Amino acid sequence: QVQLVESGGGLVQAGGSLRLSCAASGRTFSRYDMGWFRQAPGKEREFVAAIRWSGGSTYYADSVKGRFTISRDNAKNTVYLQMNSLKPEDTAVYYCAAGVADTYAYWGQGTQVTVSP
(Lines give C-alpha, C1' and ligand atoms only; values in the text may rest on other atoms or scores of the structure.)
Protein backbone atom coordinates (compact mmCIF):
# COMPACT_ATOMS: atom_id res chain seq x y z
CA GLN A 1 0.00 0.00 0.00
CA VAL A 2 1.29 3.46 -0.92
CA GLN A 3 -0.20 6.77 0.14
CA LEU A 4 0.63 9.86 -1.88
CA VAL A 5 0.35 13.51 -0.87
CA GLU A 6 0.96 16.28 -3.40
CA SER A 7 2.02 19.83 -2.54
CA GLY A 8 3.42 22.90 -4.22
CA GLY A 9 0.48 24.00 -6.30
CA GLY A 10 -0.70 27.59 -6.43
CA LEU A 11 -1.35 30.64 -8.55
CA VAL A 12 1.38 31.85 -10.89
CA GLN A 13 1.56 34.21 -13.84
CA ALA A 14 2.21 32.93 -17.33
CA GLY A 15 5.91 32.38 -17.86
CA GLY A 16 6.47 31.59 -14.21
CA SER A 17 7.55 28.40 -12.49
CA LEU A 18 6.31 26.02 -9.84
CA ARG A 19 7.69 22.83 -8.35
CA LEU A 20 5.26 20.16 -7.30
CA SER A 21 6.20 17.53 -4.77
CA CYS A 22 4.62 14.19 -4.06
CA ALA A 23 5.52 12.52 -0.79
CA ALA A 24 4.91 8.79 -0.53
CA SER A 25 4.45 6.65 2.53
CA GLY A 26 5.68 3.09 2.77
CA ARG A 27 9.03 1.44 2.37
CA THR A 28 8.44 0.22 -1.17
CA PHE A 29 8.43 3.60 -2.92
CA SER A 30 11.62 2.85 -4.80
CA ARG A 31 9.96 -0.15 -6.49
CA TYR A 32 7.31 1.94 -8.20
CA ASP A 33 7.23 3.91 -11.38
CA MET A 34 5.82 7.36 -10.67
CA GLY A 35 3.69 9.57 -12.85
CA TRP A 36 2.14 13.01 -12.90
CA PHE A 37 -1.26 13.55 -14.47
CA ARG A 38 -3.54 16.57 -14.68
CA GLN A 39 -7.20 17.31 -15.15
CA ALA A 40 -8.54 20.65 -16.29
CA PRO A 41 -12.17 21.67 -15.76
CA GLY A 42 -14.44 19.90 -18.21
CA LYS A 43 -11.63 17.75 -19.58
CA GLU A 44 -10.44 14.22 -19.04
CA ARG A 45 -7.40 13.47 -16.95
CA GLU A 46 -4.25 13.41 -19.07
CA PHE A 47 -0.73 12.13 -18.72
CA VAL A 48 1.96 14.71 -18.02
CA ALA A 49 5.18 12.91 -17.12
CA ALA A 50 6.53 9.66 -15.71
CA ILE A 51 9.74 8.30 -14.27
CA ARG A 52 10.82 4.70 -13.86
CA TRP A 53 11.49 3.22 -10.43
CA SER A 54 15.24 3.57 -10.97
CA GLY A 55 15.00 7.13 -12.18
CA GLY A 56 16.82 6.08 -15.32
CA SER A 57 14.05 6.82 -17.79
CA THR A 58 11.63 9.70 -18.03
CA TYR A 59 8.66 10.35 -20.31
CA TYR A 60 6.72 13.49 -21.12
CA ALA A 61 3.59 14.56 -22.91
CA ASP A 62 4.39 16.57 -26.00
CA SER A 63 2.60 19.57 -24.53
CA VAL A 64 5.08 19.87 -21.65
CA LYS A 65 8.29 18.55 -23.20
CA GLY A 66 11.12 21.00 -22.73
CA ARG A 67 9.25 22.93 -20.02
CA PHE A 68 8.58 20.32 -17.29
CA THR A 69 11.07 18.02 -15.59
CA ILE A 70 10.18 15.00 -13.48
CA SER A 71 12.64 13.67 -10.91
CA ARG A 72 12.63 11.51 -7.82
CA ASP A 73 14.57 11.07 -4.61
CA ASN A 74 14.07 7.52 -3.42
CA ALA A 75 15.84 8.27 -0.15
CA LYS A 76 13.16 10.86 0.60
CA ASN A 77 10.25 8.89 -0.90
CA THR A 78 9.44 11.93 -3.02
CA VAL A 79 8.84 12.65 -6.69
CA TYR A 80 8.99 16.16 -8.11
CA LEU A 81 7.63 18.00 -11.11
CA GLN A 82 9.50 21.17 -11.98
CA MET A 83 7.30 23.30 -14.20
CA ASN A 84 8.83 26.22 -16.08
CA SER A 85 7.47 28.61 -18.69
CA LEU A 86 3.96 27.94 -17.49
CA LYS A 87 1.04 28.72 -19.75
CA PRO A 88 -2.63 29.34 -18.94
CA GLU A 89 -3.45 26.02 -20.58
CA ASP A 90 -1.39 24.28 -17.88
CA THR A 91 -4.10 25.21 -15.38
CA ALA A 92 -5.41 21.99 -13.85
CA VAL A 93 -5.47 19.79 -10.81
CA TYR A 94 -2.23 17.83 -10.82
CA TYR A 95 -2.12 14.30 -9.46
CA CYS A 96 0.79 12.02 -8.76
CA ALA A 97 0.43 8.28 -9.10
CA ALA A 98 2.45 5.15 -8.33
CA GLY A 99 2.41 1.98 -10.30
CA VAL A 100 4.16 -0.69 -12.28
CA ALA A 101 4.54 -0.98 -16.05
CA ASP A 102 2.30 2.02 -16.80
CA THR A 103 -0.52 0.73 -14.62
CA TYR A 104 -1.04 3.19 -11.80
CA ALA A 105 -2.74 1.72 -8.75
CA TYR A 106 -2.20 4.51 -6.24
CA TRP A 107 -3.20 8.14 -6.58
CA GLY A 108 -2.85 11.29 -4.56
CA GLN A 109 -5.61 13.77 -3.81
CA GLY A 110 -4.31 16.37 -6.23
CA THR A 111 -2.99 19.91 -6.04
CA GLN A 112 -4.38 22.90 -7.94
CA VAL A 113 -2.19 24.80 -10.37
CA THR A 114 -3.59 28.01 -11.80
CA VAL A 115 -1.71 30.02 -14.41
CA SER A 116 -2.99 33.52 -15.06
CA PRO A 117 -2.49 35.22 -18.45
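The shown structure was predicted, so the numbers you read here are calculated from the model rather than taken from an experiment.

**A short note on the nonpolar core**
Then comes step 1: Core analysis: the largest hydrophobic core is formed by 30 residues, its most contacted members being L4, M34, W36, L81, M83 and Y94.
Then comes step 2: Breaking this core down by element, the ones donating at least two residues are β3 (18-24), β4 (33-39), β5 (46-51), β7 (68-73), β8 (78-83), β9 (92-100) and β11 (111-116).

**Describing the pairing of β9**
Then comes step 1: Along β9, 7 of the 9 residues are buried, which leaves the element largely enclosed by surrounding structure.
Then comes step 2: Where β4 meets β9, 7 bridges bridge the pair, whose relative direction is antiparallel. Its bridge partner being in β9, R38 is matched across the sheet by Y94.
Then comes step 3: Two elements, β9 and β11, share 3 bridges in a ladder whose sense is antiparallel. Residue pairing in the sheet places V93 in a bridge with Q112 of β11.
Then comes step 4: As paired elements, β9 and strand β10 (residues 103-107) share 4 bridges and run antiparallel to each other. Bridge pairing in β10 links V100 to T103.
Then comes step 5: From the end of β9 to the start of β10, which pair antiparallel, there are 2 residues, and A101 there has a positive phi angle of about 50°.

**What about the packing of aromatic side chains?**
Then comes step 1: Within this structure, the stated rule accounts for 5 aromatic pairs.
Then comes step 2: Note on Y32 and Y106: the rings are 5.9 Å apart at their centroids and 90° apart in plane angle, and the pair reads as edge-to-face. Highlighted residues: Y32 in the loop between β3 and β4 and Y106 in strand β10, separated in sequence by 74 residues.
Then comes step 3: Classification of Y32 as buried rests on a relative accessible area of 15%.
Then comes step 4: With a centroid separation of 4.9 Å and 55° between ring planes, the pair formed by F37 and W107 is classed as tilted. Of the two residues, F37 sits in strand β4 while W107 sits in strand β10, which places them 70 residues apart along the sequence.
Then comes step 5: Using a relative accessible area of 11% as the deciding quantity, one classes F37 as buried.
Then comes step 6: According to the relative accessible area criterion, W107 is partly exposed, its value standing at 30%.
Then comes step 7: Site record: aromatic cluster; members linked through ring pairs are F37, F47, Y104 and W107.
Then comes step 8: For R45, the ring lying beneath its charged end belongs to Y95, and the centroid distance is 6.0 Å.

Definitions and limits used
Residues numbered from 1 in each chain as written. Predicted model: local features only at pLDDT ≥ 70, side-chain atom pairs only at ≥ 80, totals over all residues. Heavy atoms only, no water. Core = buried A, V, L, I, M, F, W, Y, C linked by side-chain atoms within 4.5 Å. Buried < 20%, exposed > 50% of the residue type's maximum accessible area, 1.4 Å probe, protein only. Helix = DSSP H or I, 4+ residues; strand = E, 2+ residues; numbered from the N terminus. Pairing = 2+ DSSP bridges. Phe/Tyr/Trp six-rings, centres within 6.5 Å; stacked < 30°, edge-to-face > 60°. Lys NZ or Arg CZ within 6 Å of the ring centre and 35° of its normal.

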